Amino acid sequence: KPLFKNASLPSSTPSSVDNTEPTSAAGEKELPFISVQDIWLALGQGKNLQFLDIRSQEAFEKSHIPYSEHVPEEKLSTYIPKEKDAYTIIVFSLDQAETIQKVHETLKQSNIPHFFITGGILALEKEHYPLLSFGDPDSFSDRSKVTYFTAVEAKKYMDENTHTRFVFLDVRSTQEFAFAHVKDAKNIPLQAIEDQSSSLDRSTMFLVYGNTMLDAFQAAVRLSDLNFALVRAISDPPPDIEKAGIPIEKGASR
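Residues numbered from 1 in each chain as written. Predicted model: local features only at pLDDT ≥ 70, side-chain atom pairs only at ≥ 80, totals over all residues. Heavy atoms only, no water.

## Observations regarding the confidence of the model for the protein
Note that predicted coordinates carrying low pLDDT should not be read in detail.
Argument step 1. On average, residues of the protein carry a pLDDT of 88, and 87% of them reach 70 or more.
Argument step 2. Counting interchain partners and residues more than four positions distant, the pLDDT-below-50 stretch residues 1–8 has 25 contacts.
Argument step 3. Across residues 10–28, where pLDDT falls below 50, the model places 31 contacts with residues more than four positions away in sequence or in other chains. (pLDDT = per-residue confidence, 0-100. Contact = heavy atoms within 4.5 Å.)

Given below as structure tokens:
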């Protein structure tokens, strides 16, 4: 369909985007689209891109481009980009294809330079563009991202790697962490991992635990999708971690 014609990013300033809209033979303006390949090219050229996801909240939470913004299409009229000098790349699902013309007009009225990804979210998945998964235990792909330690194995790792930098990462709530946690552990609740990942040192081994094995699994998946290579998910809950001889601090908030 002409709807999915590609439009490369202009080499000039973002304000020229509206002037680069491709025109059909009939003289009607088409929507500005960019392919996944051209996104890679633009990033390689150092262009400033920000990703705006207009899908449903449920779809966004299931899988999205790391650090992208989520704004449902009905709230775009009040959307203000975090970076005014960046190109906004729109992520959408194909069931929104009939409404993206309206999305285009809304963003254009707000003077927001933008492009739609050709093929939407399905194109990103097909081209294996890095996406952040919530951690689906039924997904073979997600399961392949995680390496486990039992509590006993974690204690053995601590004892045998006294000169290696490692940190226990507690992904429970701040209240649960304040009540009791592994000594010197760092607390980032599961839902905040993406937003707070910049505070983590990628050269550090992270031993991740939560209330359940699923919590640790989902945290490890998200860290893997954020390109953290040194991660082990502890398959045991906090009581078993304490039983394994790992020091626990109680009644102190960190």
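## Concerning the sheet that holds strand β13 (residues 231–234)
Argument step 1. Across the sheet, five strands lie side by side as β8-β13-β12-β9-β11; this open sheet has parallel pairing. For this open sheet the edge positions go to β8 (148–149) and β11 (186–187), each flanked by a neighbour on one side alone.
Argument step 2. Each of β8, β9 (166–170), β12 (205–209) and β13 touches helix α9 (residues 213–225); the most contacted strand, β13, lies at about 165 degrees to it. (Pairing = 2+ DSSP bridges. Helix = DSSP H or I, 4+ residues; strand = E, 2+ residues; numbered from the N terminus. Axes fitted to C-alpha atoms, helices over the stretch in contact; angles between N-to-C directions.)

## Structural notes on the sheet that holds strand β6 (residues 114–117)
Argument step 1. Taken in spatial order, the five strands line up as β1-β6-β5-β2-β4 in an open sheet, and their pairing is parallel. A strand with exactly one partner marks an edge of an open sheet, and here the two such strands are β1 (33–34) and β4 (69–70).
Argument step 2. Sheet topology note: the β1/β6 ladder contains two bridges and is parallel. Across the sheet, the residue bridging to I34 is I117, located in β6.

## What to know about the packing of aromatic side chains
Argument step 1. Considering all chains together, one arrives at ten aromatic pairs under this definition.
Argument step 2. Residues W40 and Y129 carry aromatic rings whose centres are separated by 4.8 Å and whose planes lie at 40 degrees to one another, so their mutual orientation is tilted. One end of the pair, W40, is in helix α1 (residues 36–44); the other, Y129, is in the loop between α4 (120–126) and β7 (132–133), with 89 residues separating them in the sequence.
Argument step 3. Members of the aromatic cluster, joined through ring pairs, are F149, Y157, F166, F168 and Y209.
Argument step 4. Sitting over the face of the ring of F228, R202 holds its NZ or CZ atom 4.1 Å from the ring centroid.
Argument step 5. Between the NZ or CZ atom of R232 and the centre of the ring of F149, over which it lies, the distance is 6.0 Å. (Phe/Tyr/Trp six-rings, centres within 6.5 Å; stacked < 30°, edge-to-face > 60°. Lys NZ or Arg CZ within 6 Å of the ring centre and 35° of its normal.)

## Things to note about unusual backbone geometry
Argument step 1. Despite not being glycine, N111 has its phi angle at roughly 55 degrees, a positive value.
Argument step 2. Here N111 shows up in the loop between α3 (100–109) and β6.
Argument step 3. Backbone geometry at H128 places phi at a positive 60 degrees, although glycine is not the residue there.
Argument step 4. Considering the arrangement of structural elements, one finds H128 in the loop between α4 and β7.
Argument step 5. For H128, a relative accessible area of 70% puts it in the exposed group. (Buried < 20%, exposed > 50% of the residue type's maximum accessible area, 1.4 Å probe, protein only.)

## Things to note about the pairing of strand β2 (residues 49–53)
Argument step 1. Among the five residues that make up β2, five are buried, leaving the element largely enclosed by the rest of the structure.
Argument step 2. The pairing of β2 with strand β5 (residues 87–91) spans five bridges and is parallel. Looking at β5, one finds that F51 is bridged to I89.
Argument step 3. One ladder, built from two bridges, connects β2 with β4; its direction is parallel. Bridging across to β4, L52 finds its partner in E69.

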